Amino acid sequence: MSEELRRREIRQPLLTIAIPTYNRAWCLRKLLPVLADQLKDEPQVELIISDNASPDETPSVVQEFVARGLPVRYIRNTQNIGADANFLQCFEQARGKYVWIFSDDDLIVPGGLAKILTYCEAAEYDLIWVSSYSFGKFHKPLTAKARRDAVEISDPVAYVKRIHVFFTFISGNIINKDTVLAAGPRAFSTLVGTSLAQLGWTYTALNRFARGLYIQEKLIAMRVNNTGGYKLFQVFGPTLATITRNWLKSANLGRIVMNGTVQRFWPMMLLKYKKSASAFADEANPQEVLSPLFKDNIRYWLFAYPVIVMPAPLAALWVLLIRILNRLDKAAGYPMLYWRLPGNSSDRSSENL
């Protein structure tokens, strides 16, 4: 190894935490104190804030914490380049071996970062999943436990069955950037405008998957009822299906992702849409978008379609039953996400999604 490469390796942070933000100074006021406490005397972490030309007081909030000694690289775009391009900027700017793009409205539990760094040092992982718990208006923080609560996984099928559609959740996925770069990645910029640009580097790492870590302990606090404004049915229907088909080399893994979307994502989101359709930008009826896409997948007719057509009280009860069934499926190792059900042409044709 040349001296220059050796110096670069020494300088490379173990982990980059990159926070894309827009007009959420109030969220940063909650997140940055949590990070400041956990980043004291921690040279292995690079912190980036990528501000998408926020018109609020985001710059002054960041400068306030910089003045307090928070080590942060603050990037402020001269204009709003959109969420996807901002996510991509975070990934490209990150110097760490591992890249954790973290949503500005989520939180890391006290002691959580130190534990994650311990995991990152312990072995070479292509992907790391960090479990979360949800909170609303009020937040009672958990604290990281002393014991190890994570599972190493070398089988990509086993890993995807645990995460499936939630590869889309940026705060839950830590990516080995070295793995991605070694793949000779395609142009992630082609996914800008899809609302799922993060799947470019995530799926690239998954294509080269040799070992992953699933952190079962809930080290992330995920804020609920603070998203929306996008076309829910288009993004997590045709768009997700197309990206999964085009970017995942294994149709088998892609099938599990889409089965998880139908079985574990859509029932809850359709109920949420039924209660608050105005939170999203969809103009089409969910049935018009989803039924043609998933018409050959029996899971759609069992799990999602009833929520669309039932009255809200019955739909809520149906979703409760689905959640119980999904918990049983999880306890059994997610067999329902993998089964090729009799007569289910989707399990054969999902390669064409």
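Residues numbered from 1 in each chain as written. Predicted model: local features only at pLDDT ≥ 70, side-chain atom pairs only at ≥ 80, totals over all residues. Heavy atoms only, no water.

Colleague: Please give an account of the nonpolar core that cites residues and values.
Modeller: By size, the foremost hydrophobic cluster in this structure holds 66 residues, and its most contacted members are Phe167, Trp201, Tyr203, Leu206, Leu232, Phe236 and Trp266. With eleven residues, the top contributor of residues to this core is helix H10 (residues 251-275). Beyond its immediate chain neighbours, meaning those up to four positions away, Trp201 contacts Phe87, Leu88, Phe91, Ile101, Ile175, Val180 and Phe188. Grouped together as the second largest cluster of nonpolar side chains are 43 residues, Leu39, Val45, Phe65 and Ile215 included. (Core = buried A, V, L, I, M, F, W, Y, C linked by side-chain atoms within 4.5 Å. Buried < 20%, exposed > 50% of the residue type's maximum accessible area, 1.4 Å probe, protein only. Helix = DSSP H or I, 4+ residues; strand = E, 2+ residues; numbered from the N terminus. Contact = heavy atoms within 4.5 Å.)

Colleague: How would you sum up empty space enclosed by the protein? Please name residues and give values.
Modeller: Summed over all chains, the structure comprises one cavity of 30 Å³ or more. Of the volumes computed, that of the largest cavity is approximately 70 Å³. Lining the largest cavity are Val99, Ile101, Phe167, Ile170, Asn173, Ile175, Gln198, Trp201 and Thr202. Only strand S4 (98-101), strand S8 (173-176) and helix H8 (199-207) provide two or more residues apiece to the lining of the largest cavity. (1 Å grid on protein atoms, 1.4 Å probe; cavity = no way out; pocket = protein on both sides within 12 Å on 5 of 7 lines; lining within 4 Å. Points joined across faces, edges and corners; volume = space filled by probe spheres on them.)

Colleague: Let's hear about a positive patch on the surface: which residues, and what values?
Modeller: A cluster of basic residues, Lys145, Arg147, Lys218, Arg323, Arg327 and Lys330, forms a positive patch on the protein surface. In terms of residue count, the dominant contributor to the positive patch is helix H13 (residues 312-331) (three residues). Looking at where Lys218 falls in the secondary structure, it is placed in strand S9 (residues 212-223). Given the relative accessible area of 42%, Lys218 is considered partly exposed. (Patch = residues over 30% accessible without salt bridge, like charges linked within 9 Å, V, L, I, M, F, W, Y side chains within 5 Å. Areas by Shrake-Rupley, 256 points an atom, 1.4 Å probe, with all protein chains shown as cover. Salt bridge = Lys/Arg side-chain N within 4 Å of Asp/Glu carboxyl O. Lys, Arg positive; Asp, Glu negative; His and termini not counted. Charge placed at Lys NZ, Arg CZ, Asp CG, Glu CD.)

Colleague: Can you lay out the confidence of the model for the protein for me, pointing to particular residues and giving the numbers?
Modeller: Mean pLDDT for the protein: 90, with 91% of residues reaching 70 or above. Every residue in residues 1-8 is under pLDDT 50, and counting partners more than four places away or in other chains gives three contacts. Note that residues 341-353 has pLDDT below 50 and, in this model, 27 contacts with residues that lie over four places away or in other chains. (pLDDT = per-residue confidence, 0-100.)

Colleague: Before we move on, could you go through H13 and cite the residues and values that matter?
Modeller: Compared with an ideal rise of 1.5 Å per residue, which puts 20 residues at 28 Å, H13 spans 29 Å between its outermost C-alpha atoms and is within 8% of the ideal. Residues Ala315, Val319, Ile322, Asn326 and Asp329 constitute the buried set of H13. Seen from one end, H13 has its buried residues packed into an arc of 75°, which puts them on one side. Residues of H13 that are exposed and point more than 90 degrees away from the buried face comprise Pro313, Arg327, Leu328 and Ala331. Against the buried residues of H13 lie H10, helix H12 (298-309) and helix H14 (335-338). Following H13 by one or two positions, Gly333 adopts a phi angle in the positive range, close to 95°. (Expected span 1.5 Å × (residues − 1). Arc of directions from axis to C-beta.)

Colleague: Could you give an account of the packing of helix H6 (residues 156-163) against H10, with specific residues and numbers?
Modeller: At a minimum axis separation of 8 Å, H6 and H10 run at an interaxial angle of 20°. It follows from the interaxial angle that H6 and H10 lie roughly parallel. Once H6 is placed against H10, the crossing between them reads as right-handed. In this structure, H6 uses Pro156, Val157, Val160 and Lys161 to contact H10, whose residues at the interface are Asn252, Leu253, Ile256 and Val257. (Axes fitted to C-alpha atoms, helices over the stretch in contact; angles between N-to-C directions. Parallel < 35°, antiparallel > 145°, perpendicular 65-115°, else oblique. Left-handed = near helix turned anticlockwise from the far one by under 90°.)

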